[in-house]
There are 2 protein chains.
Amino acid sequence: MERTAYCGQITSKYKDETVKVAGWVQKRRDLGGMIFVDLRDREGLVQVVFNTDQNKEALETAEKIRSEFIIAVEGKVVLREDGQINTNLNTGEIEILAEKVDILSEAKTPAFEIADAAEVSDDLRLKYRYLDLRRPKMQDNMKLRHQVKKVFRDFLDDEGFLDIETPYLTKSTPEGARDYLVPSRVNQGKFFALPQSPQLFKQLLMSSGYDRYYQIVRCFRDEDLRGDRQPEFTQVDIETSFMKKEDIQSMIEKLLVLLVKEVKGITLKAPFKRLTYREAMERFGSDKPDLRFDMELVDLNEIAKNSTFKVFSSAVKNGGMVKGLTVKGAAKKFSRKNIDALETIAKIYGAKGLAWMKMTEEGLTGSIAKFFNDEEISRALIEKMDADAGDLLLFVADNKSVVYDALGALRLHLGKELNLIDESELKFAWIVEWPLLEYDEEEERYNAAHHPFTKPVEADIEKLAAEPENVMADAYDIVLNGYEIGGGSIRIHKRELQEEMLSALGFSKEEAYNQFGFLLDAMDYGFPPHGGIAFGLDRLVMILAGENNIREVIAFPKNGKAVDPLTDAPSFVSSEQLAELGLRLKIDEEQTGGE
Amino acid sequence: MERTAYCGQITSKYKDETVKVAGWVQKRRDLGGMIFVDLRDREGLVQVVFNTDQNKEALETAEKIRSEFIIAVEGKVVLREDGQINTNLNTGEIEILAEKVDILSEAKTPAFEIADAAEVSDDLRLKYRYLDLRRPKMQDNMKLRHQVKKVFRDFLDDEGFLDIETPYLTKSTPEGARDYLVPSRVNQGKFFALPQSPQLFKQLLMSSGYDRYYQIVRCFRDEDLRGDRQPEFTQVDIETSFMKKEDIQSMIEKLLVLLVKEVKGITLKAPFKRLTYREAMERFGSDKPDLRFDMELVDLNEIAKNSTFKVFSSAVKNGGMVKGLTVKGAAKKFSRKNIDALETIAKIYGAKGLAWMKMTEEGLTGSIAKFFNDEEISRALIEKMDADAGDLLLFVADNKSVVYDALGALRLHLGKELNLIDESELKFAWIVEWPLLEYDEEEERYNAAHHPFTKPVEADIEKLAAEPENVMADAYDIVLNGYEIGGGSIRIHKRELQEEMLSALGFSKEEAYNQFGFLLDAMDYGFPPHGGIAFGLDRLVMILAGENNIREVIAFPKNGKAVDPLTDAPSFVSSEQLAELGLRLKIDEEQTGGE
C-alpha cells in the first residue's frame, strides 16, 4: 500500500478523495461499532474513522490497534460534521473513513506518553530517545535545525563560499580546551585528536587561495559539562580572504537578518548594535549582554570614594569599584528575605555581600541609608541611579571582575524574575575591541582571549612584547539574547607576528614550532590577509527554538555525565581491541598488581 | 584596497574599467622597464602589466615581486594587441595596466611549482598540502566536490528529506570493520567509538517518525589502507520510511541523472541497468562491473567437462568452473612475454595459471590448442567464445571465486591496456539480489554480506535458520565505471527477524542484546518498514573528477600509512594527557620493565 499524503497535510482540499496514509497511533477511542484513531506522522495528526458502514474487516483490525502501533490506512476524506470541527488542528475540518487498514508494526505501551506536556526525567528521555524524538516539539526542533542549516548553506553558496571538509583525525594541540584523543593502531603509541575547531585548516585553505570557505562541522571538547555544553557540538565555520572586518560583519548581518526572516518571520534591521567589550562589561556586567531589557549597571566610584561607608570607599581605594543596579518599582516586591536570596546569587560570583537601599517618597531607606544622610551625597546618588520612589537599589563593591560578574548575574536574574524580557524578541549585537590576552593568575602566564591566531589591532602590535595586557584584538563576537552565538576575528597572516604572539603566550621557539610549525612554514609561502567567524549552531538553534538547553535541539545528545543512556556509550571494549592499540588500562594494572 | 573582481573573471567586458584584484604571482617576466605578471586566484589567471607609462612606483615595487607573492593591484583593463591574445585563457583578450600595487605577503621559492604538470612525490604534496591545493586541478576538484554536495542537498531538501546530525562519539560495535576508539576521561576505562556509519541512528530516526533523513557525514574505519581507502571518509547517508525498494531506486536515479547533468553536462537515461549479483559475477567477474566496455566472461563448463585437457575437466569435476575471455583482435599484440604478464595478474587473484590460445585463419593455435583438435569441440569453443581470426583467448579453470576474481581483474586490465574504455562515459548500474550472508572459512561462521540490519527478501525469510547460504537480501548497490559508489537495502524492522538474523551471524541472545539491545527494544515500540542507501562521496567525486585516487578529492587526506605529513598527526601526547585518561602505553611499560 503506497502512501499518497502525510497525515498532517490532509485538509479539506482532499475532500472526497481516496488517500493512503501511514503513521503512528496517537490515540484510539472505541465507541463500540465505531473506532476513532488519531494518526500521527511528522506533519501532524489526522482523524481516521472505522465503522461497519465502511468496512467490517477494517473495523475488526482497528480493534487490535493500540497507541504507537504503526498502521497504513486507505480511505475517503470527508468533511466533519459542524460540531466536530477541531480548529486546533490543520486537519481538523476532515476525517478519513477507513476502507482498508494494515498493521505495519505493533507497539508495547511506551515508557512515557508521546506528548509535549509529558513530564519525563532527562535520563529516561535520553534512554528512550527514539520515543522522545516523536514528540511534536522535538520534531519541530529538528526541522528548525534543518531549516537553519539550509539558510546558512544557501546564503553562503550564493556568496561564492565553498564547503570544504577538514579532517576529524588530526593533531593534538594542548592549547585551549582538553582534546579528545584517538589512539593510532598503525602508529602505536601515537594519538590523533578530534578537532576543537578546524581553525588551522581553514587558515591553510586561505593560504591555498580558496578565498571563501565554509563548513558545518562537528567539534569536540573534553571539558566538564555545563547546561549548554556537550562533548561534541556543531559549528558553522566561515573564513574569507582579503575582506575587512567591517565587510565580514555586514555580510554576516545580511545572513542573520535573512535567517531570522526565514525561520521566525521576524524582520530585523542591520547594522546590529556594536558594543566594545569594555562598554559591555561596564554597562551590563557581561561580555554577552542580554539587550532585551535595560537595567544597566551604574558607576558609583566618584560618590563611593569619599563615602563614609567604608565598604564603598575602601573598594575604590584598593583599586576596585562600586557599581549599582536600579530595580525599577521593585522595592515592595523585595522583602529582606528576598534580598537575602539576591545576595546569595551575588556571593556565587565572589561578592562578599550585597548592599541595598530602597527609594521612598521620603528618601533612601535601608540599613546603609545612614551613610548617605548628607543631602548632597544623597542627591548625587539618587540622580546617578535615576532612582524614583518605589525603586530597589543594589550595590556591589569589590574588584572589577567580581563587581561585573555579580551584578551581571543579578541583572539577568532580575530581568527574568520581573518579566522584563520579551521572549519573542531577538536582540543581536556585536561585541568588539576585545583584549588579545588574559592573564592566568594560576599558571602565571597569558592565555589567548580568543585563540592564538587572532590578530592584534594594527596600532597595538608594537605593544605585544612590552605591555601585552594593553593589546586589543581585531576580534568581533556576536551575541544574541545573552548568549555568545558566534566568535570571529581577523587572523595573523605573517610569520613574525605569529611567532611573537606565541612567545607572548609563553611558548618557547621550539615549542611553538613543534605545535604550529606547519602553520608558521605556510606563512613563508604567500599567506593572504584573512579572517572569519564561527557560529555555535546548537546554541543558535536553541535560542530560535525557544529552548533552554542545547540537548533539546540535538537528536542524540549525551547526558550531564558525558554518557549516552540510549546506546550506553562510552562502554568497555575487549582486551583484543586494546592490545591492538598497544594500550593498557591503569585500572587493570592496579588490579593485577602491575604485572 | 578592496577587491572588485576575481582575476580569472576579468574578460573584455571590463574593457576600460579600473579594477582591483588580489592574488598569487604565478609568473613574472621582466623585460626591462616593463614587467608582466600572471596573477592567480581561485577563478584563474590574469595578466598584469607594469611599466613607466603607468606608474613608476608600481614598477619599482613589481621588481621585488617573485612567484607566490601575494599582491593587490589596481589598474585599468585594456584589450591586448592582436598578436598577444591568449585563447587558452578566459582572460586572454585583456590585460591590466597596473597603477597601484601592494605586496600583501612575500613568499620563499615553494618546494615545487604550482602547476598541474608538476611531478611531485605524494608525501611532498601532502607535507606542503597548502601549496598542492593551489594547483588548478586541485581547486577544480574541491569546487566539484562542493557542487556535488550542493546537488545532493538541494535535491534531498526539495524531496522533503531532513538533514539530521548523528553522534560521532558513539558505541563500539565489533561487527564489521575495526573501530577507531576514543577513551573517556570522565568514565575512565570506557571508550567511545567513531562511527563506521550512522546506520543504527538513522534507523532509530525512522522509528521516531522523521520519515526522510539524510546527512553528509564523516565515517571512520581503522582498516589497512588501500588506494581508495582513507581512515575517514564521507558518506551521503539517506533513509526513508514506507517506501518500496523500487521507489527508492527510481528516486536515486532521478538524483544521479540530475547530478551528472549539473556537474558534467551529460544527459543520462533512467532507469539504469539492473544486474543481479549473480549475473554481474558470471558476466563480468565482479560485483561492481565496469560496463563501459564489453568483453564478457564466457561460460565453458559444458565444453570443459569432457575435455581431454585435464586442467579443464578436473576443475569442473571438482565443483569448480572454466571461463574464458575473448580479447578481440589482440592476438598479434600479445607475445608470449605479454601473456606471461597477464598470467602474473591472474595469479595475484589465486589462479594457478592462465591458459590461452590464439585464433588464426587456420584455427586455434597455442600450447593447449592440441587438446581442442577435435573439430566438433573446436567449433563449439570457437562459437561459444565468438572468436574470429586475430583474437586472443584466455581461460581460467578453478573454483568459482578464483575464476571470477582472476578473469574479472584481467578484463579490467585489458580494457584499460587496449583502450576499450571511453573515459568520458558514465555507466551506472544497480546490482540487486545479493546473498544475505557470506561464509567466513577462517572464523567458521557467517558474516553479513552488507550489514546485520539488511532485510532478507520476503520469500527467503523462512530459510534463514536452516539454509542461510540460500537467503537473498533485499539489497541494491549502485556501481559506476567499475566502482561501488553506493550501497542500499531495505532494513529489518521487526524484532523477531532481527534477532534471528543476529543468531544466524553467531550472536548468542545475550551478545545480541549487549550490542544491539537499544535497537531491538526500539522495535517493540512501533518501527516502520524502512530502507535507504549510502553513497561514498569521495569515490563518487573521484570518478566525476576523472581521478584515480580519493586523495585527489579530499583537502587534507592521510597518506598510505594513515599519517598526515602536514601536521604530523598522529603524534605523541603528554603523560599528563594519558594519565587523565587512565591509560598507559604498552611500549612504556616494556621499557620500564612493567613497573
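Rules behind the numbers
Residues numbered from 1 in each chain as written. Chains lettered and ligands numbered in written order. Predicted model: local features only at pLDDT ≥ 70, side-chain atom pairs only at ≥ 80, totals over all residues. Heavy atoms only, no water. Pairing = 2+ DSSP bridges. Helix = DSSP H or I, 4+ residues; strand = E, 2+ residues; numbered from the N terminus. Axes fitted to C-alpha atoms, helices over the stretch in contact; angles between N-to-C directions. Contact = heavy atoms within 4.5 Å. Left-handed = near helix turned anticlockwise from the far one by under 90°. UniProt positions renumbered as here; feature names shortened; annotations may be inferred. Buried < 20%, exposed > 50% of the residue type's maximum accessible area, 1.4 Å probe, protein only.

### Topic: the sheet that holds strand β2 (residues 34–41) of chain A
Residues and elements named next belong to chain A. An order of β1-β2-β3-β5-β4 is seen for the 5 strands of this closed barrel, with the pairing classed as mixed. Taken over all neighbouring pairs, the strand axes of this sheet differ in orientation by 55° on average, direction set aside. Two strands pair when backbone bridges link them, and strand β1 (residues 18–30) and strand β4 (residues 70–79) are joined in this way by 7 bridges, in the antiparallel orientation. Note on β4: the bridge partner recorded for valine 21 is valine 73.

### Some remarks on the sheet that holds strand β5 (residues 94–105) of chain B
Residues and elements named next belong to chain B. The strand order β1-β2-β3-β5-β4 describes a closed barrel built from 5 strands, whose pairing is mixed. Averaged over all adjacent pairs, the angle separating strand axes in this sheet is 55°, with direction ignored. When strand β4 (residues 70–79) meets β5, the two strands line up antiparallel, connected through 10 bridges. In the strand pairing of β5, alanine 72 is matched with aspartate 102. Here helix α1 (residues 56–64) sits on the sheet and contacts β1 (18–30), β2 (34–41), β3 (44–51) and β5; the angle it forms with β5, its principal contact strand, is near 65°.

### Regarding the packing of helix α13 (residues 495–504) of chain B against helix α14 (residues 509–522) of chain B
All names here are of chain B. Two numbers describe how α13 lies on α14: the axes approach to 11 Å, and their chain directions differ by 145°. Like other packed secondary-structure pairs, α13 and α14 cross with a definite hand, here right-handed. For the pair formed by α13 and α14, the contact residues are Arg495, Gln498, Glu499 and Leu502 on the first element and Lys509, Ala512, Tyr513, Phe516, Leu519, Leu520 and Asp521 on the second.

### Some details on the UniProt feature "binding site: ATP" (unreviewed entry) in chain A
All names here are of chain A. Feature annotation in UniProt places "binding site: ATP" (unreviewed entry) on Arg221, Asp222, Glu223, Gln230, Glu484, Gly536, Leu537, Asp538 and Arg539, given in this structure's numbering. With respect to the helices and strands, the residue arginine 221 is situated in the loop between β9 (212–220) and β10 (232–241). Sequence-distant contacts of arginine 221, defined by excluding residues within four places in its chain, comprise Ala177, Arg178, Tyr180, Gln196, Gln230, Pro231 and Phe233. Position of aspartate 538 relative to the elements: it lies in helix α15 (residues 537–544). Taking relative accessible area as the criterion, aspartate 538 reaches 4% and is therefore assigned buried. When sequence neighbours within four positions are dropped, the list of residues in contact with aspartate 538 reads Arg145, Phe233, Thr234, Ile550, Val553 and Ile554.

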